[in-house]
Every structure is written in structure tokens, then in C-alpha cells.
Protein chains: 2
Amino acid sequence: MAAPKEFLDFVDTKADFFIQRLSDAVAIKSVSGDPQYRSKVIEMSHWIKDQFSAVGVETVHRDLGKQTVEGKELQLPPAVLGRLGNDPGKKTVLVYGHFDVQPANRSDGWDTEPFELTVKENGQLIGRGSSDDKGPVLGWLNILQYHHEQKKELPVNFRCCFEGMEESGSEGLDALVERESKPGGWFEGVDCVCISDNYWLNTRTPVITYGLRGLTYFKLIVEGPARDLHSGVFGRMVHEPMTDLIALMSKLVDVKGNILIPDVDNMVSIADDKERELYERLDYSIADVESAIGSSTTLSSDKVEVAMGRMRMPSLSLHGIEGAFYGTGAKTVIPAKVIGKFSIRLVPPQTPDNINPLVEKYINEEFAKLGSKNKCKLEFEHGGKPWVGDISHWNYEAAQRATRAVYGKEPDMTREGGSIPVTLTFAESLGVNVLLLPMGRGDDGAHSTNEKLDRSNFIEGTKLLGTYLYEIAAIAK
Amino acid sequence: MAAPKEFLDFVDTKADFFIQRLSDAVAIKSVSGDPQYRSKVIEMSHWIKDQFSAVGVETVHRDLGKQTVEGKELQLPPAVLGRLGNDPGKKTVLVYGHFDVQPANRSDGWDTEPFELTVKENGQLIGRGSSDDKGPVLGWLNILQYHHEQKKELPVNFRCCFEGMEESGSEGLDALVERESKPGGWFEGVDCVCISDNYWLNTRTPVITYGLRGLTYFKLIVEGPARDLHSGVFGRMVHEPMTDLIALMSKLVDVKGNILIPDVDNMVSIADDKERELYERLDYSIADVESAIGSSTTLSSDKVEVAMGRMRMPSLSLHGIEGAFYGTGAKTVIPAKVIGKFSIRLVPPQTPDNINPLVEKYINEEFAKLGSKNKCKLEFEHGGKPWVGDISHWNYEAAQRATRAVYGKEPDMTREGGSIPVTLTFAESLGVNVLLLPMGRGDDGAHSTNEKLDRSNFIEGTKLLGTYLYEIAAIAK
């Protein structure tokens, strides 16, 4: 292995200190989504800056401006940028993380105080932000601690970008990343990016993530009468907007998950044997999925099909209808204007730009076929492009080697079904290879009650991230 | 004409007195749906009893018991029963009406105080209950006023049943009607029923109504995962309940209003030329419908088809979905359990008893065809049978003759698309002919702001109801 034994031993020796520092971090209630805690997020950005400065990193705060929440202006927490090393003979690695957290109250169903890190006998470190994302951020700090205390040079040039608004839409970050990626910016010379802000598929096998789906979200509006009508008085006299909308929505996706809009599914290549093998190898079973969803309702009993459904295929979900009767009980209304909500998760080469026209054309054709006198309109709500990294790049090779070295097993190579928009921003602004190297397990409950990070994931995860830097130096020098 | 000229002249002469009395009735805020006005509804039941007693009718209060509203027991307003005459040589006519009203506040958008009858220069009598249903009830009182003051015998035996809970589900009335219809009951010997509690199709032509649709209301439940899922994480891995539900709902009714459940539409006879002619003759146009719905979205441009759609055909409306995303904005949820709400308006020979099994069979078959692993269940929510009266009966002949005599034109013979459940209760409990003979116009705004009754409808309507009684005596003696 490329990482020195002294580093690995140091991490084991310092474990309790690292956990105490994580406890200090968790104690700062840096909830970005609640204005009353904004000062705590800002306090947290100072704490992070001070901690990284203390281990020899040159750090700066970058002001991200203000946001308006419920009519009030709020200061955005500054991002923390850091750099250490500028050796032209070394690769320059940018790491990203966030120091804000989801809201949490004991009364939500937590077994312990969410902002007091509780160390359980089974090794779980329970507290808000332990896994998402203070633990991984502190993993990088732990690595730097060793090199600072032991006066060892890092094997790479280190850059970091930590933000305090990730749980609230990463406000201001895109512009910052674009700015700092330009010549003369903080990220000049970066060779690759590592993001540690997602999770293993399960509780057993480490993961390297090389893809995220994009999204395109639509509102499908059908309207007819000037006001809601009584079904007794007007039933079978008028074209009912709900009838038209339901007919259109039924033509978007079939029960097996196939997207019925022409050329959408077709746009995606069929997995060859080599790619299928990637999914076959995953330490992931139908039982894992059933346990996560709480029912036996997977689209297939073939684990490769199910995994590919999430990771390399687009999906279309019907979310609901605005304007129709949604309460309990019985109301005999003919709604006058109804808005169907649906979205498509995108995979390369799909983007909102090439998918939206197909959706619009299809909806217009299908509505014309209905022969209704109502009015129909499709509105694009929002979206984002998918991302897939090049797994043949040395960045991935380094992460794979590090995983084998630390965990003694082959990592699951995964693509996520959701989106982490900043990933694409880094990939596009910097034009370099990006990977996701998570620290936590699939059952950490990142946005849920009793969020935890296992002690072994924190400690071995620190070794993993450190070893990854050494492997980069070993491969790519 | 069968009605004596003295009666008709009396009504004209007494018009201002009648309007003053309607004003007194409107001033009592007998809102049955609001517990704070319950004492006013009871006050109104005393006022009605006293008024009918004063013109020689033997009246009684019938206690209907109590109801529970928001955990509190509330006394139901007593029904007022009346009788006058017991001549075996005369027909016995039962009239029904109600003395409670819908809620009304000036702030709802009324131009005048809703509980102060405002007489406008154009003849409109504006006030809550003027048309629904205090005006028609007082129409009967006006007729009795003449016979009492002029010491004339009524041409029929008169029975009346006035309730104070019609706007709140007619609580307690069904049981009362059934009880009083039995031998020895107040309604013993009744030969026909006349209900004046609906409206003309338009503002021009009087109406006699001989049918009402029934209803059967369903909840269609599809459930899969144990909790709502994120579409990024689980899209195209699981059977989505919304996809299944939308597929099923799309198979219930087509855009033209045809019900796709086998044997439902078929159960209804096709209108022959004679019946079509009834609809052809209606003073009712596509423009009338378009004006009522505020759009040009009728299912057909043929007025007969459109009128038959409401009056003699079943209709299926999709009301909405419980459990799905219904807000504004965009949420990327896969709802775990969704409940589609739909109902079918029924016409003879359809009843919930013969329709529900067809719906259930079809849903089960269609769901099986989908091949989904989710669970699907159909629940019957509530329903009621349709009603159609025999228009060849002398009761209808009398109402038609009376309309011709008073208005000088042929009445529109209509069936309503909605339900007035008490109609069926009278028809079934008494086993006699029932008809609906409305006083007000189609634009009276019964449940809306600025409810009105036109002075001419109140005065000519009084003559119509009186003449109807004389025509019965003339035809059926």
C-alpha cells in the first residue's frame, strides 16, 4: 500500500481525539434551512476555517452574499476555501464537503439529543451531521492533522471547498465554483475532485460513485370550465379536465417503468456484458431494496435489472395532481383546472435540452388525439443534467486501490439515482475528473432521525481518504 | 282553467302582503349548518307552524331527536306536519318544503344584507332563502290564505311536511317519512306528492321535473412501499402506486364521457324518437350551458345529446387523488399509498346494488392485467338510487295544465342530474306519484351570494301551485 504505516497507526491512536472533535462539530447547530440558526452556520464556518488553519492549511472565507427568506434578507454563511502545497511535481486534489446540517429536534423521534454526539457501545456515533457531512469533512482534517503534527509533506497539493448551504440548495456556490475555476482562481491547477457526501449501498461494502442522474420536472395543465362544477349538474355534459389529464398521464409510463414517450428510453445505450458485470458484482440484493422500501414491490426479481433501473436508466414518476380533490372523504366535484406533476430522471446523453422537446411533442400529439375541447399546456418546472465520470481515469484507480488497501475488498462501483448538482458544476467548470468517495453506510439515516456514523467508518474512512491521496501520488506522478 | 278567477285576483291583490310575509320569513336566520343558529331554525319551525295554523291547517311538531356536531349534542329542529280536509271524494296531496337555509354573510360578497329581503326595482326579491325554499313554502301558505279568508273549501285534501334540516342532510327525515307513511300515520291516504324545491332550466320557461340521478361513490386504493420514496433513489426500481392508479383511472371513462366499465352504459335504454323529442322541445341551448360553465367545452354541439347527458345518462367523474402530491411547486415524491376518488351518477335501472359489482369486477380484472406487485382495493363510499316519475300520471297532467294556464306556455319536462334524496323516500314510502314543480328561475343563485326570487315567480308561482290543486280536482275526481 502506498500510505505509510505511521499514518494509519496515527489515525488509530488518535481515534478518541478525532471522535471528540466530531462531537464538538456536531454540537454547533448549523441548520442552514432555519433562519434562527443562521448565526450557528456562520459560527460553524469559522470553526472549520480555524481547524484547517491550525493544521497548516491556508484558508479564506468567501462571501456568498445574501438570500431572501420570507421577505427578510439573510446573510449566507461564507464558504471556506483552503490550500496546502503548490509543488508542480504533485497532483492537485480538490475536496468538497459541507458543514451545514438538516434540522433535528429530539421530539422528531430521536432517542438522544441530536446535537450531542452519543457514542454507543456498538460503535455508532449518533448525532445530526455525524455522517452528513461533518464526519467526512473531519476525515480530511484528521489526515492533515497527521501531516502537520508529524511534519510530513502531503503526497499531493491539497485544495478544499467547504460550504454551509448544501442542505438548502447550495445558494451562491455555483457562481463561486465557476469564478474560482478561472485562471487566477483558488482552484487553478486542480487535477481532480473528490466529494465525500454520499453513502454505501449497504452496511458491508465500500462504494465509489461515478454517476448521478439529472432531472426534468414538468407541470401538465388541463383546464376547461371557468370554475369547479358539480358532477350531478354537469356530469356528461362537459369535457372534464381530470378525464383528459388522467388519460395523458396514463400514456407517459407503463406499469413496468418503461417510459412511453418515443425516443426517451431509446436514447440510452443498452448495457453490454461488461457493463452488466459491474452491476452483477455489486454487493446489493433484491432483499436490500425490499428492506429499504418496506415492501416486495421491485419491478424485477433480477438484481441487475433493478440496480440498472436506478443507476443507468431514466425513470418517470407521476407525483400528483394540483387542483383536484385531495382530501379524505367524498366530494362530487368536477375540477375546472388540474395540474399533473411528473418528472424524468435523466442519464447521459439525456439532458433537459434534448428531452423536453420530445415530451412536449408527445403531449401535444396525444392531447390532439383525445379530441377534447379543453385547453392543455405543458410547463417545464426545473431540471439539471446527469453526470457520469470516467472510471478509467487514475482518480478512480487511486480510489479503488485505496479501498482494497484499507477495507481488503473490491469497492462497489455505483451510480446514484438522484442528483448532487455541485458535482456537475465542478466537472464542467474545472474540466477535470470527479469522483464520489463516501465514508458512511447505507443505513446512516442522513436526513432522518438518529443519524449516525459508525466509529469504524469514521476511522477507516479517514484512512481511506488519506490512502487515496497517497495512491494518487503513486499512480499519477 | 280550473282555478277560480277570484283566487287569481286575490293573489295579485295580496302581492305586497305576501312579499312582506316572505320578508318576515327571510329575517329569521334559520341556517341549519351552523350550530350557533340552531335556535333560529327552531324559531322558524314555530313561525311556520303558527302561520299554517292561522290559515286553518291542523299542525303538529314532530321531534326528530338530536344530532352530534363536533362532539356536542344538538337538538334537531322539529318537522312541521299539517293537514286540512279529509273528504273521501277528493284527492289528497302532500306537499314538501324546507324552512332552513344555507349560510350567508354580507362579507361573502352580498350586495345587500342577506337576511333583510331587498325588493329591487326590476322585481327581484333578494335575500337568503327567498328562492330556496322559503318562497315556495310561502306559496302554499298564500293559497291557503285565500281559502281561509274567503271561506272557500280547498279542491283537494291538503297535507304538508316541512323540515328544517334540508341543507344539512335532512337528518331524521327519512325515518319520519317512513313512519308517517304507515297506516295510521300522518300521510295515510296521500294520493300524490308535490315538491317545490328546484329551478327552471333558464329564466324563461317553467319546468316540471320528473327524474333525479342516483349516485355511487368509490375510493380506489393502490399501495406499495411502506413509506413515501424519493424518485431519485427509487425511480425505476419499484412499482409506483401512482402509475398503477392513473392507469386504472384512465380506463374508467373516455374523453367523450362514455363509461368504459362493461355493461354500465348498456344498462340504460336508448332514447326513442318520442323521448328525444322531449329534449328537443326543451327551452335550453348549448349557449345556456356554455354560459353556466363559463367555457365552450360541452361534449357535443347537439343540444339533445348534451341535455340527455345530464338528464337520462349515467356519468362518471374523476374527482381527485388522496395521498399524492397536491401542492403548488415541485416535489419529487413517489407516493406510497394513493386513493383515487370517482363516482358514477346513476339512472334507472341502475342502482348501487347492480352497478357496484360491475365496477369491482372490472377494477379487479384491469388491475390483474397490469401485472403490478402493488396492492389494489376498491371501496364503496356511499350512494343512492335514481328516481324517475311516471309523467303519464294525472299528477303530471295537472301540473302541465296549471303551467299552461298560468304561464301560457308548455313547461319544460326535465330530469335533474343531481339528487334530492327525500324525493325517493316519498316515492318509495308512499308508493304514489311524485313530481317536482319549481317556483324559481335557473339564475336564482340558491346556494350562492345575492340569492333572489323574482316577484313574478313568487306571485305567478303561487297561482301555479294553487291552479295545480284545482287541476288535480278537475282531472282526478
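One numbering rule holds for all chains: residues counted from 1, following each sequence as written. Each chain is given a letter, starting from A, and each ligand a number, starting from 1, according to the order in which they appear as written. Restriction of local features to residues with pLDDT of at least 70 applies here, the model being predicted, together with a cutoff of 80 or more for giving and counting side-chain atom pairs; totals for whole chains, interfaces and linings are based on all residues. As a rule here, side-chain values come from all non-hydrogen atoms in the structure, and water together with hydrogens is ignored.

Under an unreviewed UniProt entry, the name given to chain A is Peptidase M20 dimerisation domain-containing protein, and the organism recorded is Marasmius tenuissimus.

Novice: Quick question: what am I supposed to make of the UniProt feature "domain: Peptidase M20 dimerisation" (unreviewed entry) in chain A here?
Specialist: UniProt positions are given in the numbering used here, feature names are shortened, and annotations may be inferred rather than shown by experiment. Taking the UniProt record as the reference, the feature "domain: Peptidase M20 dimerisation" (unreviewed entry) is found at residues 210-368 of chain A. The helix count covers DSSP runs of H or I at least four residues long, the strand count covers runs of E at least two residues long, and both are numbered beginning at the N terminus. For the annotated span residues 210-368 of chain A, helix accounts for 35% and strand for 22% of the residues, and the straight-line distance between the end C-alpha atoms is 41 Å.

Novice: How should the sheet that holds strand β13 (residues 315-322) of chain A be read in this particular structure?
Specialist: Sheet strands associate in pairs through backbone hydrogen bonding, adopting either a parallel or an antiparallel arrangement. Residues and elements named next belong to chain A. DSSP calls a pair of strands paired once it identifies at least 2 bridges connecting them. Overall, antiparallel pairing links the four strands, which are arranged β13-β15-β11-β16 in an open sheet. This sheet does not close on itself; its edge strands, each paired only once, are β13 and β16 (375-384). Across the sheet, the mean angle separating the axes of adjacent strands is 20 degrees when strand polarity is ignored. Where strand β11 (residues 214-223) and strand β15 (residues 337-346) come together, ten bridges link them in antiparallel fashion. Bridged to Lys219 within β15 is Lys341. Fitted lines through C-alpha atoms give the axes, limited to the stretch in contact for helices. The angle between two N-to-C directions lies from 0 to 180 degrees.

Novice: Quick question: what am I supposed to make of the relation of the copies chain A and chain B here?
Specialist: In superposing the copies, a least-squares fit is computed on C-alpha atoms, taking residues whose pLDDT is at least 70 in both. Between chain A and chain B, which share one sequence, the superposing operator has a rotation angle of 180 degrees and an axial displacement of 0.2 Å; the RMSD is 0.2 Å. Considering both components of the superposition, the chain copies are consistent with a two-fold axis.

Novice: Sorry, what's going on with the interface of chain A and chain B here?
Specialist: Interfaces are often described in size by the accessible area the parts lose on coming together. By the convention used here, residues are in contact when the closest approach between their heavy atoms is within 4.5 Å. Counting from both sides, the interface comprises 83 residues of chain A and, opposite them, 83 residues of chain B. Taking both partners together, chain A and chain B bury about 6,400 Å²; carbon and sulfur atoms supply 57% of that area. Note on definitions: buried area is the accessible-area loss of two parts on being combined, 1.4 Å probe, summed for both. When the buried surface of chain A facing chain B is broken down by residue, A:Arg236, A:Met237 and A:Val255 rank first, second and third, together holding 15% of it. For B:Arg236, the salt bridge identified is with A:Asp265, shortest N-O distance 2.8 Å. In protein, a polar contact requires one atom able to donate a hydrogen and another able to accept it; more generally it is a pair of N or O atoms within 3.5 Å, and residues adjacent in sequence count only if both atoms are side-chain atoms. On the surface where chain A and chain B come into contact, there are 43 residue pairs in polar contact (both at pLDDT 80 or more). Of all the elements, β13(A) adds the most residues to the side of chain A that touches chain B, at eight residues. Broken down by class, the residue content of the side of chain A that touches chain B amounts to 35 nonpolar, 33 polar and 15 charged. Between Lys or Arg on one side and Asp or Glu on the other, a salt bridge is scored when a side-chain nitrogen of the former is within 4 Å of a carboxyl oxygen of the latter. Residues are grouped as follows: nonpolar covers Ala, Val, Leu, Ile, Met, Phe, Trp, Tyr, Cys and Pro; charged covers Asp, Glu, Lys and Arg; every other residue, Gly included, is treated as polar.

Novice: Is there a simple way to explain the state of the cysteines in this structure?
Specialist: As used here, a disulfide is simply a covalent bond connecting the sulfur atoms of two cysteines. Criterion for a disulfide: a pair of cysteine sulfur atoms within 2.5 Å. Evaluation of the coordinates by the stated rule reveals zero disulfides over all chains. In this model A:Cys161 remains outside any disulfide bridge; the closest cysteine sulfur is found in A:Cys160, 7.8 Å from its own.

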